[in-house]
Amino acid sequence: MSFERAPHLVFWEVTKACPLTCKHCRANAINKPLPGELSTIEGKRLLEDISNFGKVVVVFTGGDPLSRDDIFELMDYAKSLGLIVSIAPSPSYRLNEDMIRKIKEFALYMSISLDGAKAETHDWLRGLGSYKHAINSIKMGLDYGLQVQVNTLIWKKNYYELPEIVRLIKELGVRIWEVFFLIPVGRGTIELDIPKEKYKEVIDFLVEVTRYDITVRTVEAPFFRRAKLEYSGSNNELIEKLRELLGKPVKDVDKSIIPTRDGSGVIFIAYNGDVYPSGFLPIVLGNVRRESIVKIYRESELLKMIRMGKLNGKCGICKYNNICGGSRARAFAIFNDPLAEDPACPY
């Protein structure tokens, strides 16, 4: 799958405003919008430009996209342009039934963050009451026919709860689980992360989860794809707990792959129009107020290098360079070089 001409996912951080103050927030979200947000007119021009890529997925994110008064106008316009509309609202009091019903009018997908199997864990990270809102919005979204994806950060306090999170999303009826590996940007700090030696255990566990009829995707852990292709079985405490909770697997490992990475198949537009390879790689490539997002994506020299796999260290010589390529965001966070090797890869 080539992403030379167009990305698979366009993330638009429509605002920094959010009712939550999550301890790991990439966006350093705040209570009120910052000056400089793209206006409604500018947003519609941006969506028109994005439509020149073709039928790509536009993810309205933030902050909390529901903080914008014109969010449904923008989503409606994106839909009218033939774009695939997705939204990533914060799990807060705003997600009542009326709001879910309105989201369903314009969006095909909705992602909800669930960062613990119990309220105590999730709410420690996101704020008191957020767990309740997350569970309720997942249920309502599914009831209204939205394709609901659950997003989960891997962090110290939920590591041993991961099998219980899988059981919970199975019971809720969720079929897509996107698992985030922490990058130290925004409010996210290394102190929240699991030890690097635990990464392989989590990856093996996630491969096993695909055998329970759940589609698993990872963010900033593209080496998960290599693990899926190589996998011949494993066992650790997470997998043992998974078996206890869900019994024997029901299918073979899902080996399907969409080989995106920061800047290849993914592009991120900030609240003020700045363009980044992803939300976790803070290198400004341009601004949509001055340049076309299509031009920035196709002509950026850095993105060309990333898409061609012209990387340094072990990522540059790895035989899985094309389908993995390592986390460019983690390489930059650790080595200050977006083309460096991914220090978390256990291969």
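Going by the annotation in an unreviewed UniProt entry, the name recorded for the chain is Radical SAM protein, with Saccharolobus caldissimus given as the source organism. According to the UniProt record, the Cofactor (unreviewed entry) comment for the chain is "[4Fe-4S] cluster".

Draft legend 1. The overall build of the chain, seen in detail. If you tally the helices and strands in the chain, you get 13 helices and 11 strands. Taking 2.2 N^0.38 as the reference for a compact globule, 347 residues should give roughly 20 Å; the C-alpha atoms of the chain span a radius of gyration of 19 Å, in line with that estimate. Projected onto its principal axes, the C-alpha positions of the chain cover 55 × 50 × 35 Å. Long-range contacts, defined here as pairs at least 24 residues apart, represent 73% of the contacts in the chain between residues at least 6 apart. Just so you have it, the chain exposes about 14,500 Å², and 50% of that area is on carbon and sulfur atoms.

Draft legend 2. How the structure looks around the nonpolar core. Among the nonpolar cores identified, the biggest contains 105 residues, and Ile50, Phe60, Ile103, Trp177, Phe205 and Ile293 are the most heavily contacted of them. Of the residues forming this core, the biggest block, seven residues, is contributed by helix H7 (residues 199-209).

Draft legend 3. Looking closely at helix H6 (residues 162-172). The set of residues buried in H6 consists of Leu162, Pro163, Ile165, Val166, Leu168, Ile169 and Leu172. Among the structural elements, helix H5 (130-143), strand S5 (147-154), strand S6 (176-181), H7 and helix H9 (237-246) are those in contact with the buried residues of H6. The first or second residue beyond H6 is Gly173, which carries a positive phi of 95°.

Draft legend 4. Highlighting the state of the cysteines. One pass over the structure, following the stated rule, counts zero disulfides. Between Cys318, a cysteine without a disulfide, and Cys345, which holds the nearest cysteine sulfur, the sulfur-to-sulfur distance is 6.5 Å. Using a relative accessible area of 23% as the deciding quantity, one classes Cys318 as partly exposed. With no disulfide of its own, Cys345 lies 5.7 Å from the sulfur of Cys324, the closest cysteine sulfur. Given a relative accessible area of 15%, Cys345 falls into the buried group.

Each value, and the rule that gives it
Residues numbered from 1 in each chain as written. Predicted model: local features only at pLDDT ≥ 70, side-chain atom pairs only at ≥ 80, totals over all residues. Heavy atoms only, no water. UniProt positions renumbered as here; feature names shortened; annotations may be inferred. Helix = DSSP H or I, 4+ residues; strand = E, 2+ residues; numbered from the N terminus. Rg over C-alpha atoms; globule rule 2.2 N^0.38 Å. Contact = heavy atoms within 4.5 Å. Areas by Shrake-Rupley, 256 points an atom, 1.4 Å probe, with all protein chains shown as cover. Core = buried A, V, L, I, M, F, W, Y, C linked by side-chain atoms within 4.5 Å. Buried < 20%, exposed > 50% of the residue type's maximum accessible area, 1.4 Å probe, protein only. Disulfide = S-S within 2.5 Å.

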